[in-house]
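Below, each chain spelled out in residue letters.
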There are 2 protein chains.
Amino acid sequence: MYLAKIYVTYKPSILDPQGEVIKAALNRMDYSGIEQVSQGKYFEIKLKATDVDAATSEVESFTDALLINQNTETYRFDLSLVDEDEVLS
Amino acid sequence: MYLAKIYVTYKPSILDPQGEVIKAALNRMDYSGIEQVSQGKYFEIKLKATDVDAATSEVESFTDALLINQNTETYRFDLSLVDEDEVLS
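The name recorded for chain A in an unreviewed UniProt entry is Phosphoribosylformylglycinamidine synthase subunit PurS, from Leuconostoc mesenteroides.

As a further point, take helix α2 (residues 52–67) of chain A. Turning to α2 of chain A, its buried residues number three or more, namely Ala-55, Glu-58, Val-59, Phe-62, Thr-63 and Leu-67 of chain A. The buried residues of α2 of chain A occupy an angular sector of 125° when the element is viewed end-on, so they sit on one face. The inward-facing, buried residues of α2 of chain A abut β1 (2–10), β2 (34–47) and β3 (73–81) of chain A together with α1 (17–28) and β2 (34–47) of chain B.

Applying the stated rule across the entire model yields six salt bridges over all chains. Glu-44 of chain A is the partner of Arg-76 of chain B in a salt bridge, and the nearest nitrogen-oxygen pair spans 4.0 Å. Taken together, the positions of Arg-76 of chain B in strand β3 (residues 73–81) and Glu-44 of chain A in strand β2 put the pair across two chains. For Arg-76 of chain B, a relative accessible area of 34% puts it in the partly exposed group. Owing to a relative accessible area of 3%, Glu-44 of chain A belongs among the buried residues under this scheme. The shortest N-O distance in the salt bridge between Glu-73 of chain B and Lys-41 of chain B comes to 3.8 Å. Here Glu-73 of chain B, found in strand β3, pairs with Lys-41 of chain B, found in strand β2; they are 32 residues apart in sequence, far enough to count as distant. Residue class for Lys-41 of chain B comes out partly exposed when judged on its relative accessible area of 25%.

So, how was this worked out
Residues numbered from 1 in each chain as written. Chains lettered and ligands numbered in written order. Predicted model: local features only at pLDDT ≥ 70, side-chain atom pairs only at ≥ 80, totals over all residues. Heavy atoms only, no water. Buried < 20%, exposed > 50% of the residue type's maximum accessible area, 1.4 Å probe, protein only. Helix = DSSP H or I, 4+ residues; strand = E, 2+ residues; numbered from the N terminus. Arc of directions from axis to C-beta. Contact = heavy atoms within 4.5 Å. Salt bridge = Lys/Arg side-chain N within 4 Å of Asp/Glu carboxyl O.

The following block contains the structure:
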């Protein structure tokens, strides 16, 4: 059983309105040192696969197909081996 | 300048309807090995701080105050030193 942790962020050229709103709110709350805020999505997915290569290609396939908008978003992920009954955080 | 990468997830006892919907969709798309899906939020925040202790306490303070719902969500983060002009992904 593999655990994929997938981090989805906007591509650098894409505006991030949520990030701008959060930055403005933090500045209003007197967190003055905040320079840049970027909000993305984070997925933890447990999947069965025969080996790490199979898990990698499956994660790449379904992330492109379902989890991200390829026009505006990009992602990276890491894989780890986990026990069957380990509970996600 | 520090870069905080903050991973927000639901607490284990909290239902994750988005994760369930994504899991069902992946199963319909013939990704049969998917056991569990959890969707969270991911923030990359660049902040100025005098040292790593100051950065840590600032990140903890504003994450509790603004970024998460403490009733339903939990988070972890890591900090790294970055250049002033490094662009976030």
